[in-house]
Every structure is written in structure tokens, then in C-alpha cells.
Amino acid sequence: MGFSLTPKDNGFYELFSSSAAHLIEGAAELTAILGADTQDEREAIAKRLSDVETSADEATHELIRKVNSSFITPFDREDIHGLASALDDCIDHMEAAGDLVALYRIDKLPKGVTKQVEILSRMAEVTVDAMPRLRSMKDLSSFWIEINRLENSADKAYRRMLAELFNEEGADPLTVMKHKELIDELEAAADAFETVAHKVESIAVKES
Amino acid sequence: MGFSLTPKDNGFYELFSSSAAHLIEGAAELTAILGADTQDEREAIAKRLSDVETSADEATHELIRKVNSSFITPFDREDIHGLASALDDCIDHMEAAGDLVALYRIDKLPKGVTKQVEILSRMAEVTVDAMPRLRSMKDLSSFWIEINRLENSADKAYRRMLAELFNEEGADPLTVMKHKELIDELEAAADAFETVAHKVESIAVKES
Amino acid sequence: MGFSLTPKDNGFYELFSSSAAHLIEGAAELTAILGADTQDEREAIAKRLSDVETSADEATHELIRKVNSSFITPFDREDIHGLASALDDCIDHMEAAGDLVALYRIDKLPKGVTKQVEILSRMAEVTVDAMPRLRSMKDLSSFWIEINRLENSADKAYRRMLAELFNEEGADPLTVMKHKELIDELEAAADAFETVAHKVESIAVKES
């Protein structure tokens, strides 16, 4: 039996999959909060989203602890840190967005917000699908190519909404401020997914 | 006489304590600017706060130079960089907040700002107390636990003020913009202290 | 023939010079967009600026790939990453600023914006001049000293505009929001050049 110098420690891959699963939950709660009819509903969903973010945070800490205490890691230590941190940023921005909907009592959402959240849901799905492929390092290019395509769509939706917000006659400034802060967070979440894709691409290139 | 492979270089610990001392000065100037009655007073205090930030910046540069020129460091090189940088961020945000009070001629501060600054003063105190314990790596958990507790309070005060700012009937939009930017900086300062706590926790875990 | 352990790989220096050249192009397009008379002109220039940013992004990726695939690098691997990334941030902020001028249909620019863009043009010039000196590591201090001086000017111009924007009687809130976001991006671009200067200083200090 040969001795492998780079054992595929299942623990790491499972932790990455677990982090990605939280992104699915987060996107689901964001979708739910868009459909909320009352302030009580919004606050209840924002609370659930905050719990998802807390769980994601614990998964990230577990990954970091594992990296710091493992003698051998499946790929570069700094890259594991970077990927864990990037996944964590995705849920942080999604949670912040949901939190603003409740905090600012936003009941009439700009139309494009639904589009932004649909894109985030799709980004979470392809990320969850990709995490197990970190084991083989195979077929990962389809992941970062799809994320890049989705991020371009998110960016278009975001910019279209910015133009509508600011170029509309007689818009209420405080409402514009609240809506801008919300769509900024959703755009930041999409950018965070692109950072995840960049980290995965960088790892795949190094390991090839 | 034994030869130690990891000599406890006093220079590093003194530089960390010196950085933390600037945080106490910064929080004191922020407290002073909240009590200022005239624009001249605000500008004078903002100038003093800027001088504190410059001194803190020099202390950070000295730490970075020391890391880059030392063959042996008391703990991981990247961690010293990270901790120095995080301490620097705290004072940067405190200085930016004080600067806004003067620049925007803010005379009627939102009530919760006093609470935010009290929390920052307390955060600076526990940080100064903790720095010498980097030597022994003992009793540091009480530090990051307290910072985490204080950051949760800061976050509550911040979010309460956001809701008041935006959900108030007939608020002047430009005043809301100025106040929001100020409380954002104070919240960023509290978050920066939490980053300091995370860095210290990470170092303590590695060194244990 | 002697064998050098740290060969001066021309490829790296050329890539840094190429990145810096994009900063000159970016600053030129920003200058152009300030002089645009129609929305069509603004959009055409914003498109050109976006193309410059794409080229700069590809140059950054090429640098990162080169670092990841080279056995020996002319200076510390992390520093090459850091410098490439900092140069990339400069063009990202310049592109974002130009994009806002078109997106928000900004036709009456605050007076100080011309000053900010002049400073960015000068910063790009001194950066392009400095890149070849990374080879010898000689005469680099004049670079970071000049960038620091220019950044202080940019900061003054920025702060003067903030005071004018917010302390003006009867200003339209939505216009203030658009202008603030624009000058924030231009200030972020100036800060990004200062980060480039810090990275170069850090590299020069280590290599001396």
C-alpha cells in the first residue's frame, strides 16, 4: 500500500460543502422575505436569516481551526483560509440585505430586487454542486464560468435599478437611500460569489 | 544557560501596547468632540484626533519594519502583521468619525452616538489591558469574550439609531445622510475592535 | 558563467509596467468624460474606460498566473500578489467613477472633481515611471514620497467638496447623493495609488 503525502482529508471537503449549504438556506430566506406581507413576518424571517449566518460563521471557524491544527492540508493553507472566508462573505451580505428589509420596514421593493435574489439562489446552487469536485479538482471550470455569467447578470440588474432609482422624477430621498443600501448589499453578495469562484479557480490552477 | 529558539522580544510587545494606548487617546478625543459647543472646538479636537492617528500610524509602521527585519519573531509573522493592521484600523475609523463631526458641522448628535463612543472607550481599555498578556498567552479568552459582548452592544445601538433615522417622519435627507455616515464610521470602529479580538484569538489558539 | 539564485525575470517587470500603462489610459478617459457634452459621449467614454479595466484585469491575472507558476520570483511572492492587486484597485475605482458619470447622467460636475482627476493623472504618470526601477530597487523613495504628497492634495480636494456639498443651503438631496458617490470613488482611486506606494516601499525595504 502506498503512502500518500497529500491525504484527501474528508473533513475539509465536508466543511466546505456544509458552508455552501448555508448559502442555499440564506438565499431561501431572502426569497421568503421578498414575499413577506407584514412587518412581523419580515422580522421573523430576518431572525431566521441571522441564525443561518451564525451557523455559517461557526462552520467557517471550524474550517479555520482545522487548517491551523492540521499538519497536512489537501491544498495550500492560505487558499483554504481564503475560500472559507469568501464563502462566509456571501452569507454575511445576504444576511445584511435581509436585515435591512426588516430594519427599514421596506414593503415596496424595487422590481429588480427579485431578479438579484433569483441570481443569488442560482449562485448558491452551483456553488453547492461544485464543492465536492474540490476533491478531484476536475470539472471546476464550468463552475467559475457559470458564476461569472451570473455575476454579469446581477451587475446589469443592479445598474438598471440604480439608474431607475436616481433618474426618477420626484423620488423620495429617504426611500432612495434605503433602497440603494439594500441593492448595494445584494450586489455585494453577488460579488462575493465571484470571489469564491476566483479562489476556486486559483486553487484548481495551482493543483493542476 | 539555555538557548531559546523563540526569544520573547520585548520590542514587539511594547509596540503593541503603544498602539493600543493610542486607541485610548482616540476614544478620549471622540468623547471630547461629542461635548464640543462650538465649531472652533470641534475643529480643534478633530485636529488632535488626526495627530493621534498619525502617531498610531507611525507605531504601526515601526511594528511592520520590525517584523520585516527580525529573523525570529515571538509569533507568526503574518499574525503580527494582521494584528498591527487591525489595531490601526480601529484608530482610522475613530479619526474618520471625529473628522466628520467637524467637517459636516454636526451639532445635534443622534442620542445613540454617546453610547457608541462609550463602548469604543471600553473596548480601548480592555485592549490596552490585554496586550501585555500576549507575552504569556494566558488569560486572553476573557479579552475576546468581552470585546464580542461589547460589539454586540455597539451593533444594537447602531441598528436602533438607523431605524430612528430612517423611520422618522419629515426628517431632513441631508441631515440623515450626514448622521448615517457618522454612525457608520463608529460602527466600523467597533467592528475593527472585533477584528483585533479575532486576531488575538487566532494567535492564542496557534500558540497553545 | 555565474549562476544567479535570483534571476531578474524580465517578464514580471514588463507586466508591472503594462499594468501601470493601463492607469495612464484610465486617467485619460476620466479626463475625457469630464469634458463630455452629451449623454451619448459619456456612455461612449464609459465603455472605453470599461475596456481599459478589462485589459488591466487580464494583465493582473497574467501576473498572478506567472507568480503561481514560477519557481523563482524577483521578490517575495506575496509582495508581487499585493502590488499587482493594488495596481488593479486603482483602475477599478477609476472605472467605477467614470461609470457613475454615465449611469447617473451627471452633467454639472462639482468643481473639485477636475482637481481630483488631475491628481489621478499625475499619480498614474509617476507610477509608470517607477515600475522599471523595481529592477534595480534604486531611487524608489522619490516615488512613494510624491504619491504621498499627491494623496494629501486629493484628500484636501475631496474634503473641501464634501463640506460644499453638505453645507450648501437648499441642495437637492438626490444630486448630493450622486455627487458624493462619484467623489468617493475618485478618492478611493487616490487611496489605491497610496496603497501601491506602500507596497513598493515595503518591497524596497525588504530587498535592501
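Chains are numbered independently. Their residues run from 1 in the order of the written sequence. Chain A is the first chain written and ligand 1 is the first ligand written, with later ones labelled in order. In keeping with the predicted nature of the model, local features appear solely for residues at pLDDT of at least 70, side-chain atom pairs appear and are counted solely at 80 or more, and the whole-chain, interface and lining totals rest on all residues. Excluded from the side-chain calculation are hydrogens and water; included are all heavy atoms of the structure.

A. Representation of the overall build of chain A in the model. In this text, helices come from DSSP runs of H or I with a minimum length of four residues, and strands from runs of E with a minimum of two, each type numbered from the N-terminal end. Secondary structure summary: chain A contains six helices and zero strands in total. Reading chain A from its N terminus to its C terminus gives the helix and strand order α-α-α-α-α-α. Radius of gyration: over C-alpha atoms. The globule rule applied is 2.2 Å multiplied by the number of residues raised to the 0.38 power. Against the 2.2 N^0.38 benchmark of 17 Å for 208 residues, chain A shows a C-alpha radius of gyration of 19 Å, consistent with a compact globule. The C-alpha extent of chain A, read off along each of the three principal axes, is 75 × 30 × 20 Å. Working rule for contacts: check all heavy atoms of both residues, and any pair within 4.5 Å makes them a contact. Within chain A, residue pairs in contact and separated by at least 24 positions form 81% of the contacts whose partners lie at least 6 positions apart.

B. Up close: the pattern of salt bridges. One speaks of a salt bridge when a side-chain nitrogen belonging to Lys or Arg is within 4 Å of a carboxyl oxygen belonging to Asp or Glu. Evaluated as defined, the whole model comprises 27 salt bridges over all chains. Here Glu29(A) and Arg48(A) are joined by a salt bridge, their closest N and O atoms 2.6 Å apart. One end of the pair, Glu29(A), is in helix H1 (residues 10-34); the other, Arg48(A), is in helix H2 (residues 39-69), and 19 residues separate them in sequence. Between Asp99(B) and Arg159(C) there is a salt bridge, with the nearest N and O atoms lying 2.5 Å from each other.

C. Structural view of the relation of the copies chain A and chain C. Copies are brought into register by a least-squares superposition over C-alpha atoms of residues with pLDDT of at least 70 in both. Once turned by 120° and shifted 0.0 Å along the axis, chain A lies on chain C with an RMSD of 0.0 Å. The superposition of one copy onto the other is thereby described by a three-fold rotation axis. Proximity to the rotation axis, assessed at the C-alpha, singles out Pro173(A) in chain A; its C-alpha lies 3.6 Å from the axis. A share of only 17% of interface residues in chain A that are also interface residues in chain C marks the association as one of differing surfaces.

D. Just the interface of chain B and chain A, in detail. Residue-level contacts link twelve residues of chain B with ten residues of chain A. A per-residue breakdown of the area chain B buries against chain A is headed by Arg159(B), Phe166(B) and Asn167(B), which together make up 43% of the total. Where chain B touches chain A, the interface holds two salt bridges. Whenever two N or O atoms come within 3.5 Å, that pair is a polar contact, provided that in protein one can donate a hydrogen and the other can accept it, and provided that, for residues adjacent in sequence, both atoms are side-chain atoms. For the interface between chain B and chain A, the tally reads three residue pairs in polar contact (both at pLDDT 80 or more). Of all the secondary structure elements, the ones that give two or more residues to the side of chain B that touches chain A are helix H5 (141-166) and helix H6 (173-207) of chain B. For the side of chain B that touches chain A, the element with the most residues is H6(B), which contributes six residues. For the side of chain B that touches chain A, a count of residues per class yields seven nonpolar, two polar and three charged. Defined here as a combined quantity, buried area equals the accessible surface (1.4 Å probe) lost by two parts on assembly, summed across both. In this classification, the charged set is Asp, Glu, Lys and Arg, the nonpolar set is Ala, Val, Leu, Ile, Met, Phe, Trp, Tyr, Cys and Pro, and all remaining amino acids, among them Gly, are polar.

E. Focus on the relation of the copies chain B and chain A. When chain B is fitted to chain A, the best match, at an RMSD of 0.0 Å, comes from turning it 120° and sliding it 0.0 Å along the axis. Comparing interface residues between copies, only 17% of those in chain B also sit at the interface in chain A, which points to a heterologous contact through distinct surfaces.

F. Examining the layout of surface pockets more closely. All names here are of chain B. Cavities and pockets were defined on a 1 Å grid built over protein atoms only: a cavity is a set of grid points that admits a 1.4 Å probe from which the probe cannot escape, a pocket is an open set flanked by protein on both sides within 12 Å along at least five of seven lines, and lining residues are those with an atom within 4 Å of any such point. Grid points are joined across faces, edges and corners, and a volume is the space filled by probe spheres set on the points. Reported here for the second largest pocket is a volume of approximately 230 Å³. Residue lining of the second largest pocket: Pro110, Lys111, Met161, Glu164, Leu165, Glu168, Ala171, Asp172, Thr175, Val176 and His179, and that is the complete set. Where the lining of the second largest pocket is concerned, the elements lending two or more residues are H5 and H6. Residue composition of the lining of the second largest pocket, grouped by class: five nonpolar, two polar and four charged.

G. Examining the packing of aromatic side chains more closely. Planes of paired rings set the category: under 30 degrees apart is stacked, over 60 is edge-to-face and the rest tilted, where pairs are Phe, Tyr or Trp rings (Trp by its six-membered ring) whose centres lie within 6.5 Å. Overall, the coordinates contain six aromatic pairs over all chains when judged by the stated rule. The interplanar angle of 50° and the centroid separation of 4.6 Å between the aromatic rings of Phe166(A) and Tyr104(C) together place this pair among those described as tilted. Of the two residues, Phe166(A) sits in helix H5 (residues 141-166) while Tyr104(C) sits in the loop between helix H3 (77-103) and helix H4 (112-130), which places them in two different chains. A residue is classified by how much of its surface remains accessible, and Tyr104(C), at 1% relative accessible area, is buried. Taken together, a centroid distance of 6.2 Å and an interplanar angle of 15° make the contact between Phe16(B) and Phe75(B) stacked. Residue Phe16(B) is found in helix H1 (residues 10-34), and its partner Phe75(B) is found in the loop between helix H2 (39-69) and helix H3 (77-103); the two are separated by 59 residues along the sequence. Exposure class is identical for Phe16(B) and Phe75(B). Each is buried. Whether a charge lies above a ring is judged from NZ of Lys or CZ of Arg, which has to be within 6 Å of the ring centre and within 35 degrees of the ring normal. The ring of Phe12(A) carries Lys66(A) above its face, with NZ or CZ at 5.4 Å from the centroid. We call a residue buried when its accessible area falls under 20% of the maximum for its residue type, exposed when it is over 50%, and partly exposed in between, using a 1.4 Å probe and counting protein chains only.

H. A look at the side chain of His179(C). Residue and element names in this part refer to chain C. By secondary structure assignment, the location of His179 is in helix H6 (residues 173-207). There is a polar contact of 3.4 Å between the side chain of His179 and the backbone oxygen of Lys108. Excluding residues within four positions of it along the chain, His179 makes contact with Ile106, Lys108, Pro110 and Leu165.

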